Amino acid sequence: MKNFRLPLVCAMISLLNIACSEETVTDEFEEANGNVERKVIKTISYVSPEHPEDNTTVYFTYNNDGSLNTVSNGTETSIFIYEDSALKTITGSDDNLTIEELYQSPYEAFEIGRVVSYDNNGNPEVIEFFEEEWDEGYGDYVTKLYTASLGYDDAPNPFYYTMESAGLIDVLDNVQLNFSMTPQSPEIVQARLLFPVNNLSQIIYRNEEGEMVYSINADFDYDEDNYPTTGTITAVSVMDSDQGIVSVHFTYDD
């Protein structure tokens, strides 16, 4: 869990025992946030005081019709390709991605798990997941169950309209969470199950005994439209008595 990064963006999630939803992501976003201003991200900058070599800025560009054109960190660039106004593929420096590979979770630590509960706005609130760890006494790797409790600020997910501009929200809206029907791409289904409509600001990890082992807290400043502009993200490992801090800065192309 030391390599956990906040996010954005869905490791493999078990589809068992997940309640079906008849609402679309669009419905849930609008119900949770009301008549929020539409903003798409122009840049996201990450600054690490401890590891300045990891500092990076991600740039987003848009076509004349408002659709997302490229996402670049200055070294690698992903280009969004559309067909009949719908997203077809993403091409990059090293990879060509199909529509079924476009959805990656903001919760990269969750190799195997399931959503246990959602909050009143439809955000994933408690997630169970498993990790393999070395057991000295047993002399082998053992699988242990962890839970993650997620908290959100009363603010819109700042990535929502950027994803909408790429056609990703349309795809999520068309996901049928009725698992008796024809199976769909598990990557897309898991993205639908994990998609938050509010801005994620806290994750608390607990072990099988209910003890807190890791935490991530984000303290954001918001603009007049309730979008995050700057934030300080603090990650604490209780087991290692270790702490890391990263600053994040958003700009928007209204």
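Reading the values: the criteria
Residues numbered from 1 in each chain as written. Predicted model: local features only at pLDDT ≥ 70, side-chain atom pairs only at ≥ 80, totals over all residues. Heavy atoms only, no water. Helix = DSSP H or I, 4+ residues; strand = E, 2+ residues; numbered from the N terminus. Buried < 20%, exposed > 50% of the residue type's maximum accessible area, 1.4 Å probe, protein only. Areas by Shrake-Rupley, 256 points an atom, 1.4 Å probe, with all protein chains shown as cover. Arc of directions from axis to C-beta. pLDDT = per-residue confidence, 0-100. Contact = heavy atoms within 4.5 Å. Polar contact = N/O pair within 3.5 Å; in protein donor to acceptor, adjacent residues only side chain to side chain. Salt bridge = Lys/Arg side-chain N within 4 Å of Asp/Glu carboxyl O. Pairing = 2+ DSSP bridges.

1. Let's talk about the overall build of the chain
A count of helices and strands for the chain gives 4 helices and 13 strands. Among the 254 residues that make up the chain, the fraction classed as buried is 41%. Carbon and sulfur atoms provide 46% of the accessible area of the chain, an area that totals close to 13,600 Å².

2. Concerning helix α1 (residues 25-33)
For α1, the full list of buried residues reads V25, T26, E28, F29, A32 and N33. Here the buried residues of α1 occupy an arc of 165 degrees about the axis, which is enough to place them on one side. Positive backbone phi, at 70 degrees, marks G34, one or two positions downstream of α1.

3. As for the confidence of the model for the chain
Confidence in the prediction of the chain, expressed as mean pLDDT, is 79, and 78% of residues score 70 or more. Confidence drops under a pLDDT of 50 for residues 1-21, and excluding neighbours within four residues, the segment shows 74 contacts in the predicted structure. Counted against residues more than four places away or in other chains, residues 96-112, with its pLDDT under 50, gives 70 contacts.

4. Notes on the side chain of S215
Mapped onto the elements, S215 comes out in strand β11 (residues 212-222). Looking at S215, the relative accessible area reads 6%, which means it is buried. Leave out the neighbours within four places in its chain, and S215 touches I203, I204, Y205, T234, A235 and V236.

5. Quick notes on the side chain of S45
Looking at the secondary structure, you find S45 in strand β1 (residues 40-47). Using a relative accessible area of 17% as the deciding quantity, one classes S45 as buried. At 3.0 Å, the side chain of S45 forms a polar contact with the side chain of T57. Contact partners of S45, with chain neighbours within four places excluded, come to T56, T57, S247, V248 and H249.

6. Points about the pattern of salt bridges
Summed over all chains, the structure comprises 6 salt bridges. For K88, the salt bridge goes to E83, with nearest N and O atoms at 3.3 Å. Relative accessible area serves as the criterion here: at 43%, K88 is assigned to the partly exposed category. Shared partners join several salt bridges into a network, and the residues in it are K39, D223 and D225.

7. What to know about the environment of Y62
Looking at the secondary structure, you find Y62 in strand β2 (residues 56-62). Between the alpha carbons of Y62 and A166 there is a distance of 9.3 Å; along the sequence they are 104 residues apart. Residues within four places of Y62 in sequence aside, it is in contact with V40, I41, S67, L68, N69, T162, S165 and D253. A distance of 2.6 Å separates a polar side-chain atom of Y62 from the backbone oxygen of I41.

8. With respect to unusual backbone geometry
The backbone of D84 sits at a positive phi, close to 55 degrees, despite the residue not being glycine. By the secondary structure assignment, D84 is in the loop between β4 (77-83) and β5 (86-91). Among the residues examined, D84 registers a relative accessible area of 74% and is labelled exposed. Despite not being glycine, N226 shows a phi value in the positive range, around 70 degrees. Mapping N226 onto the fold places it in the loop between β11 and β12 (228-237).

9. Comments concerning the pairing of β4
The sheet contact formed by strand β3 (residues 68-72) and β4 spans 3 bridges and is antiparallel. In the strand pairing of β4, V71 is matched with S78. Counting the residues between successive antiparallel strands, the hairpin from β3 to β4 contains 4 residues, one of them, G74, with a positive phi of roughly 95 degrees. Alignment of β4 against β5, held across 5 bridges, turns out to be antiparallel. Along β5, the bridge assignment pairs E83 with A86.

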